[in-house]
Amino acid sequence: MTRSKWIFNKSRVNRGLYQGTTSVVPIWTSYRQGFSSCGAQGETMASAFNEPLRIGQVVDVDREIARKTGGGGATPANPSGGKLRSLADPEGEPVRTGVWVGLATVGMMFAAFTSAAVVRKGSADDWHHIVLPSILYFNTLILVISSITLEIARRKVLVYAKGENPSQIIPLAWLGSTLALGLVFVVGQFVAWSQLKAQGVYLATSPTSSFFYVMTVVHAVHVAGGLGGLTRVILKTSGHVFTLRRSTLDGTAYYWHFMGALWIYLLVLLYVKF
Amino acid sequence: MHDMSSASATQHHAPPQGFIRKHVFSLDHKVIGLQYYGLALVAVFIGMFLSWLMRIHLVWPNSPIPGLHLLSKVGAPNDIMTPEYYLSLLTMHGTLMVFFVLTNAPFAAFGNYFLPIQIGAEDMAFPRFNMMSFWTTFLAFVVLIAAFFIPDGPPISGWTAYAPLSAVGGDAGPGMAYGQTLWGISIAIFCIASLLGALNFIATTLDLRAKGMSLMRMPICTWAWFITSCIALLAFAVLLPACILLCLDRVAGTSFFIPSGLVISDHLQPHSGGSTLLWQHMFWFFGHPEVYIAILPAAGIVSHILVNSLRRPLLSHRVVIGCMMAIGFLSYIVWGHHMFLSGMNPFSAIAFSFPTLVITIPATILTLIWLGSIYGSRLRITSASLFALGFISMFVSGGVSGFFLAQPSIDIYLHATYFVVGHFHLVMGVAAIFGIFAGTYFWFPKMTGHMMNETLGKLHFWGTFIGAYCIFMPFHYLGLVGNVRRYAAFTDDYLVPLIPLHKFITFAALTTGAFQLIFLANLIYSRFKGPKAPVNPWECTSLEWTIPSPPPWNNFGDVHPVVYHDPYQYGIEGSTGDYVMQTSPEKIVTEHDEK
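This is a predicted model, so every value here is computed, not measured.

A.B. asks: Teacher, can you tell me more about the overall build of chain B here?
C.D. replies: Regarding its fold elements, chain B presents 15 helices and two strands. The C-alpha radius of gyration of chain B comes to 24 Å, within 12% of the 25 Å expected for a compact globule of 595 residues. Taken along the three principal axes of its C-alpha coordinates, chain B extends 75 × 55 × 50 Å. Out of the 595 residues in chain B, the part that is buried amounts to 66%. Restricting to contacts in chain B with at least 6 residues of sequence separation, those with at least 24 account for 78%. Taken as a whole, chain B presents about 20400 Å² of accessible surface, with 71% of it coming from carbon and sulfur. Taken together, the 25 basic and 26 acidic charged side chains of chain B have centroids lying 8 Å from each other.

A.B. asks: Sorry, what's going on with the packing of helix α3 (residues 83-118) of chain B against helix α13 (residues 418-448) of chain B here?
C.D. replies: Each packed pair of helices is defined by two parameters, the angle between the axes and the distance between the axes. All names here are of chain B. It is at 11 Å that the axes of α3 and α13 come closest, and there the two elements cross at 35 degrees. Along this stretch, α3 crosses α13, giving a crossing that reads as left-handed. Contacts between α3 and α13 involve Y86, H93, V98, V101, L102, A105, P106, F110, Y113, F114 and Q118 on the former and, on the latter, Y418, H425, M428, G429, A432, I433, I436, G439, T440, W443, K446 and M447. Split into classes, the residues belonging to the contact of α3 with α13 amount to 16 nonpolar, six polar and one charged.

A.B. asks: Looking at this structure, how should I read the pattern of salt bridges?
C.D. replies: Opposite charge on two side chains allows them to pair when their charged atoms are near. All names here are of chain B. One pass over the structure, following the stated rule, counts eleven salt bridges over all chains. Here R311 ties to D578 by a salt bridge, and the two come within 2.9 Å at their closest N and O atoms. Of this pair, R311 sits in the loop between α8 (276-310) and α9 (317-330) while D578 is found in the segment after α15 (499-529), placing the two residues 267 residues apart along the sequence. Among the residues examined, R311 registers a relative accessible area of 8% and is labelled buried.

A.B. asks: I would appreciate a short explanation of the confidence of the model for chain B in the present structure.
C.D. replies: Low-confidence regions, as indicated by low pLDDT, have predicted coordinates that should not be scrutinised in detail. All names here are of chain B. Residues of chain B with pLDDT of at least 70 account for 97%, and the chain-wide mean is 93. The low-confidence segment residues 1-11 (pLDDT under 50) makes 34 contacts with residues lying over four places distant or belonging to another chain. As a predicted assembly, this complex carries a pTM of 0.88 together with an ipTM value of 0.93.

A.B. asks: Please clarify how the confidence of the model for chain A should be interpreted in this entry.
C.D. replies: Residues and elements named next belong to chain A. Here chain A averages 74 in pLDDT, and 67% of its residues register 70 or above. Within chain A, the lowest mean pLDDT, 32, falls on helix α2 (residues 27-37), and the highest, 96, falls on helix α7 (residues 169-198). Within the model, pLDDT remains below 50 along residues 1-88, and this stretch shows 158 contacts once partners closer than five positions in the same chain are excluded.

A.B. asks: What am I meant to see in the nonpolar core here?
C.D. replies: Across soluble globular proteins, nonpolar side chains show a tendency to be buried alongside one another. One finds F99(B), F100(B), W225(B), F236(B), F257(B), F391(B) and W443(B) to be the most contacted residues of the largest nonpolar core, which totals 266 residues. Those residues in contact with W225(B) that sit more than four places away from it in its chain are P106(B), F107(B), F110(B), G111(B), F114(B), L115(B), Q118(B), F201(B), P297(B), I301(B) and W443(B).

Here is what the cut-offs are and how they apply
Residues numbered from 1 in each chain as written. Chains lettered and ligands numbered in written order. Predicted model: local features only at pLDDT ≥ 70, side-chain atom pairs only at ≥ 80, totals over all residues. Heavy atoms only, no water. Helix = DSSP H or I, 4+ residues; strand = E, 2+ residues; numbered from the N terminus. Rg over C-alpha atoms; globule rule 2.2 N^0.38 Å. Buried < 20%, exposed > 50% of the residue type's maximum accessible area, 1.4 Å probe, protein only. Contact = heavy atoms within 4.5 Å. Areas by Shrake-Rupley, 256 points an atom, 1.4 Å probe, with all protein chains shown as cover. Lys, Arg positive; Asp, Glu negative; His and termini not counted. Charge placed at Lys NZ, Arg CZ, Asp CG, Glu CD. Axes fitted to C-alpha atoms, helices over the stretch in contact; angles between N-to-C directions. Left-handed = near helix turned anticlockwise from the far one by under 90°. Nonpolar A, V, L, I, M, F, W, Y, C, P; charged D, E, K, R; others polar. Salt bridge = Lys/Arg side-chain N within 4 Å of Asp/Glu carboxyl O. pLDDT = per-residue confidence, 0-100. Core = buried A, V, L, I, M, F, W, Y, C linked by side-chain atoms within 4.5 Å.

Spelled out as structure tokens, the structure:
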């Protein structure tokens, strides 16, 4: 199959479109009616049913509507109304939510580290300034560029998924370069740590160095997690069958950008406080 | 009926095959819920056993406890507990109970089992994360218990692990060399597990609700689990860094928590400049929300059961939810009330005292709503509803002493006495345990397909209810007359006259413990021999009572449930009785509108 598809779950899409209210209409009736009227792309839908692989269909749904009515608000959603902004993936909503919630936790962790550093700095006058290895600035640049390449990759994947451009190479190239830049960042962090070590600055040398190592290592671990996510996106894009879900791509991108922003925050903190 | 996409993150998993997938590394939220429950059950009996040993030692400090040397040769030479070993048991009792019982049972166990069903979902949003979070918790448990089997034994620093003693290593006493490190690692692992679990709960609640299940249509216990997971998400995210820093101080020679010039056991500690208060701040920033992580799910479970037994809705569904949210929010700005005597700036004590007293407002509203709803109702007395009433009793009794402790001037006197121990055991320990019992009696038929024995259940209730008061009420008196906590024996002259009261408490503890064996027997017997449970034995309206007991692997079979009503349509003319199920499409003339 040359034309790529976003995977979705029919029942869940339908749930987004038609929500139960206190009406006494048997819901499965409206379900079936709803589904048959859902065939805006009649031909592609038919082909999807014939496909041996259970891969979903391209369906335009306003994600916001799907989201609001998934839990059954008061106003019935209008399947044809509203501006169709994006390719829908209502099934993937938990992935998006999960990523945001996970990022809240990570943010809280670094808030805790920051407060700890502030308190520790005030508790004694042994806070010795350390000169940040200059490779850190290079790493920052790399991470920022990787965010840009990921955004471009996201757009290219979108174009590929819509079938406007059948070539896999372009999205894969951008995704691959993001992954490579991420790896360069992690290697760069190792270089930074070894440079500090060469200066005789170890984990326990001073409170400054302790916090430096703890925060940068914890951040690098999270970046490594992002590299895992990117690898997953690449594998799903490059396979014979395109199985990537919109939410997986978006979730990975949010996570990656957040790690970039977190790194810039850390760098500023390290520069100002350390 | 629906498309199963293998790439789906919200796994619509196929029926599990094989023993391992079904019962061990299961992705099914129900199996995971039961695993959490089992782990909590093991932990609670170990914890209770430890409390027995401590109580016995307190009143007969010089008498041998037969077989105690098997637990630790060093800690109990000639079967007589050393004072340090008493502290080891105390630490393990607290850690097991707070983390592995009070966090696991009402939140992770019941939440995992019933949250997806109550919102009409097939499973959690991320089943693999769910499985990981249980097995990570299990790993944390194993690491913690391993402290019993290493030569220097469990740590002696209490479940709060105050620095610098918890940070300096072996000089701080037996158990502080490797036992404390195991403790730190175990709790760090536990944090990761809880974060995974909380993330899963939030995503599930927000995104997997069935058609028609708006947020305000969720049962109160679902709300409680949801709010609790929001609390846990931020609280454990602070304890994890704290544990990382603590472990680094212990093994990597850093000085986060250890001040300069500290001499312990005649050794000058090779650290400098650390802040001991920092640990307390980080720990209690987690520790106080943790209290609500334990109590809110219990409050939710109890509300759910009470409404069912009252056969009419609570005075206000919305206000109950609002109060739980308010408690959740306030829990983040009161941590300093644990530290009034820590050397903090006295002005900050006032800043922490005020929100602490404010917390009593939503807590009181909750209690008044429960009591006002009970007033004039025809309550169905079952084991579950008895334990729900018992919860309210314990919540009030333990909560009232909180007024005293929230005020810095009174806390100066009561700090580190048995008054505090009585306070938190009643309001956090016993109340939450009563919530767990209520949930167990209520949901056991759904979880196992068998009814529990009601007579034994009521016997268990009265034994536990009276017993718990006999144990913990005298604690308040002991505290008021100046009995300090964490002493292994009372040989000081002013404490000697209190020993008879301590003896009474010990007898009460042993008796109450014996009543728990009735519960255990009931649990095991009913699991195999109990009468078969119908689909809806309690005539309850929420979604879990629309599916078979026990539910099939995919909960609702191949249909997606549709919700038509607010959760508690009781006391009305329905086609099946005085209630209408949430999924029933029938029209109700006078619908209780929770909005």
